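# Report on the structure
Residues per chain, in single letters:
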Amino acid sequence: MTTMELLTWVRGPGMTIAIILMLFGVVVRLLEMLLLGRKKDLSVARDPASAKYGWRTVVTRSLPSFACLKTVPLTFITGYIFHVGLLIIVVFYVPHIMFIRDLTGLEWSGLPFWLIDGTTLLTMLAMLVTLWYRVWDKVRRYLSRFSDYFVWMITFLPVLTGYLLYHRQFLPYNEMMIVHIVSIQLLLISMPMTKLMHTFTFVFSRWYSGEAAGRKGVKV
Amino acid sequence: MSTSIQRGIAAFKQQIDAPIASFFNSCVHCGMCAGACLFYEATNDPKYTPINKLEPMRRVWKQEYTFWGRLAKTLGISKPINDAELNEWQELLYDSCTLCGRCSLVCPVGIDLVYMIRKAREGMVASGHAPKGLKESTSRAMTIGSPMGVTLSTFKKQVQHAEDESGIKIPFDKQGADYLLLMSSAEIMEFPEFIGAMAKIFKQADVSWTFSSEAFEATNSGNQIGSSDLAAELVQRVVDAAEKLQVKNVISPECGHSYTAIRWDGPNLIGRAYKFNVIHVLELLDQLRQEGKIKLEGLDKERLTFHDPCQIVRRGGITQEPRNLINSVSSNFVEMPCSGISNWCCGGGGGVSANPDADELRLKAFAIKKQQLDSAGAKKLVTSCSNCRNMLEDGIEEYEMDIEVIGLTELIADHLKE
Ligand code: SF4
Ligand code: SF4
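Computed from a prediction, not measured in an experiment: that's the story for all the values here.

## Observations regarding the interface of chain B and chain A
The partner chain A presents 47 residues to the 60 residues of chain B that form the contact. Between chain B and chain A the total buried area reaches about 4,600 Å² when both faces are included, carbon and sulfur atoms providing 58% of it. Considering only the side of chain B, the residues that lose the most area to chain A are N25(B), H29(B) and W264(B), jointly responsible for 15% of the buried surface there. Viewed at the interface, chain A and chain B are joined by two salt bridges. Across the chain B-chain A interface, the total number found is 30 residue pairs in polar contact (both at pLDDT 80 or more). Tallying contributions element by element places helix 2 (residues 18-26) of chain B first for the side of chain B that touches chain A, with seven residues.

## Examining the site of ligand 2
Residues and elements named next belong to chain B. As a matter of local geometry, ligand 2 sits amid 14 residues, with C37, C97, C100, G101 and C103 nearest to it. If you list the elements that add at least two residues to the shell around ligand 2, you get helix 3 (38-43) and helix 8 (113-126). Partitioning the shell around ligand 2 into residue classes produces eleven nonpolar, two polar and one charged.

## So, the domain arrangement of chain B
Reports of interface size often rely on the accessible area that becomes lost once the parts have come together. Residues and elements named next belong to chain B. Once the domains are mapped, chain B shows domain 1 (3-130), domain 2 (135-289) and domain 3 (295-414). Here the C-alpha centroids of domain 1 and domain 2 sit 32 Å apart. The interface is formed by nine residues belonging to domain 1 together with nine residues belonging to domain 2. Interface area for domain 1 against domain 2, summed over the two sides, is near 700 Å², with a carbon-plus-sulfur share of 44%. Taken as a group, R118, V125 and A130 account for 52% of the area that domain 1 buries against domain 2, more than any other trio of residues on that side. Along the contact surface separating domain 1 from domain 2 lie five residue pairs in polar contact (both at pLDDT 80 or more). Tallying contributions element by element places helix 8 first for the side of domain 1 that touches domain 2, with four residues. A per-class count over the side of domain 1 that touches domain 2 returns four nonpolar, two polar and three charged.

The rules we used
- Residues numbered from 1 in each chain as written.
- Chains lettered and ligands numbered in written order.
- Predicted model: local features only at pLDDT ≥ 70, side-chain atom pairs only at ≥ 80, totals over all residues.
- Heavy atoms only, no water.
- Contact = heavy atoms within 4.5 Å.
- Buried area = accessible area lost by both parts, 1.4 Å probe.
- Salt bridge = Lys/Arg side-chain N within 4 Å of Asp/Glu carboxyl O.
- Polar contact = N/O pair within 3.5 Å; in protein donor to acceptor, adjacent residues only side chain to side chain.
- Helix = DSSP H or I, 4+ residues; strand = E, 2+ residues; numbered from the N terminus.
- Near = heavy atom within 4 Å.
- Nonpolar A, V, L, I, M, F, W, Y, C, P; charged D, E, K, R; others polar.
- Domains from an automatic or database assignment.

Laid out in structure tokens, this is it:
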């Protein structure tokens with residue numbers, strides 16, 4: 001198989017397989033979670049329309065929290081940068097948009113290359129700081145297991161290879177493209193198998209917390 | 001595998017629902033919950049990070065309710081939890097957690113940690129890993145009717161004192177009263193002034209109320225130790241008494257954990273809605289004040305501050321009422337930093353005060369509360385929970401601080417217009 005043939009395969013059938021595996025896995029994981037069910041709360045709610053407090057928390061937990069709750073600024077800032085950074089890179093980089101258009105037919109306008117380039121650098125920097133903090137800080141080191149480092153790596157690789165690809169570094173373009181796409185496929189397949197599931201489940205966890213507190217009249 | 005550990009695993013399994021699964025799925029080990037917990041803040045020991053307290057429960061969830069976990073368990077790659085681990089976690093799930101719920105406010109993915117810690121205690125009870133002190137107080141609650149061993153005749157003696165002192169006849173078992181008042185053990189034994197204070201307030205407001213000789217105790221040890229069966233039995237005693245007397249409302253005493261048990265957990269424990277309303281005493285007092293049914297006079301000029309009991313504010317939604325009440329009797333009320341929903345715990349909730357194993361750590365953690373109190377610079381500290389009050393007095397003595405602790409209901413009664 002030539003490089004070109006391999007590239008065609010990973011872009012086409014390879015990608016389809018990865019996406020199907022990812023979707024299948026995520027659906028299974030969400031079902032195994034949701035089928036556990038949640039008992040109806042029989043106490044009298046202060047406000048019976050409590051679902052709205054769930055949605056409120058889904059939104060508000062993305063905002064900087066109250067001054068009294070010491071969120072470690074470093075965790076908070078780097079977390080913010082790399083999550084927003086990843087989103088911008090995935091959704092607003094023109095070649096990504098074109099790829100998604102080919103796949104789904106949907107299209108939107110992208111951001112200029114220089115902006116994506118800067119975002120990518122900043123994202124990588126934030127992720128490196130996160131990693132350093134995970135190793136260096138007592139609490140994070142204590143909590144971290146192999147899977148936490150694995151998840152970091154599997155998220156970092158697509159960003160790094162994408163950056164090297166754009167700047168024509170390290171490997172010839174087509175080879176680098178293959179590496180980049182495969183790294184993305186690894187990320188996709190890992191989603192249902194690792195903590196990357198939080199990409200989907202965070203909406204549920206925030207909603208459950210917000211709703212439960214909201215019906216008691218507490219906005220969390 | 002011992003039968004006790006099997007019972008423990010079964011109990012953990014029974015508690016795990018969709019919210020808990022979503023919480024474990026979402027945790028990214030960012031460690032932010034550590035800084036919200038008084039026990040971590042006071043010790044800087046990472047084992048006190050709230051999510052770490054749930055490690056046994058997380059393992060059960062993973063091995064029993066996830067595809068990959070089940071696979072790993074079948075292949076023998078991951079081992080089930082064992083007695084030695086649960087023994088180690090006893091300190092983490094009981095001694096170093098007051099169920100204060102501060103951690104649940106901070107998690108970026110919205111994990112309600114305290115919801116899980118309360119449930120994890122069910123697995124600890126079932127496997128025989130609850131602390132001795134809590135087991136004893138729970139057993140007193142089940143056999144005598146009160147965790148501090150208060151009997152009906154002791155209670156009646158305290159009521160008699162209050163009657164003698166106030167000159168007001170206190171009603172018992174009055175059929176069809178509007179309100180049935182519950183008490184906590186600590187109020188009966190250590191702060192009996194509460195009884196007289198309520199009698200005075202209700203007399204002025206012309207409220208139809210009663211005590212019940214069949215259920216006067218609101219403290220729910222079953223909830224604190226983590227046994228739904230026992231907790232349900234304790235709630236059922238109150239429900240039976242209230243429904244027999246056909247009262248319209250049951251008043252939760254100041255005690256925060258009593259409020260959580262009777263107001264929010266109770267119907268879920270007994271599996272049905274009540275035929276009466278539950279109202280917290282502060283809600284009722286503020287309502288009576290607003291309706292003009294209680295008339296207050298005199299304003300305290302001394303600088304005073306207020307300690308929000310966790311279960312009343314953060315887990316109960318009562319924030320404004322105590323402030324309205326205090327402001328109507330004080331001209332010099334100052335807030336502590338972080339008061340209200342993110343207030344720091346007194347250190348003794350969630351069964352910690354009934355667990356002597358926890359004493360040393362609890363007093364160490366009080367350093368956080370001390371900092372908060374010091375910045376308010378008040379001479380008087382008002383609170384509205386007898387357990388908080390005990391714990392605050394204990395900490396204040398230990399740290400040789402100069403601040404007087406008073407109960408809010410008594411403060412209000414002292415300012416009633418004669
Ligand atoms: S704050 Fe939430 S996500 Fe972070 S470690 Fe604690 S429980 Fe996990
Ligand atoms: S509920 Fe309070 S004491 Fe318990 S882990 Fe959370 S912050 Fe710590």
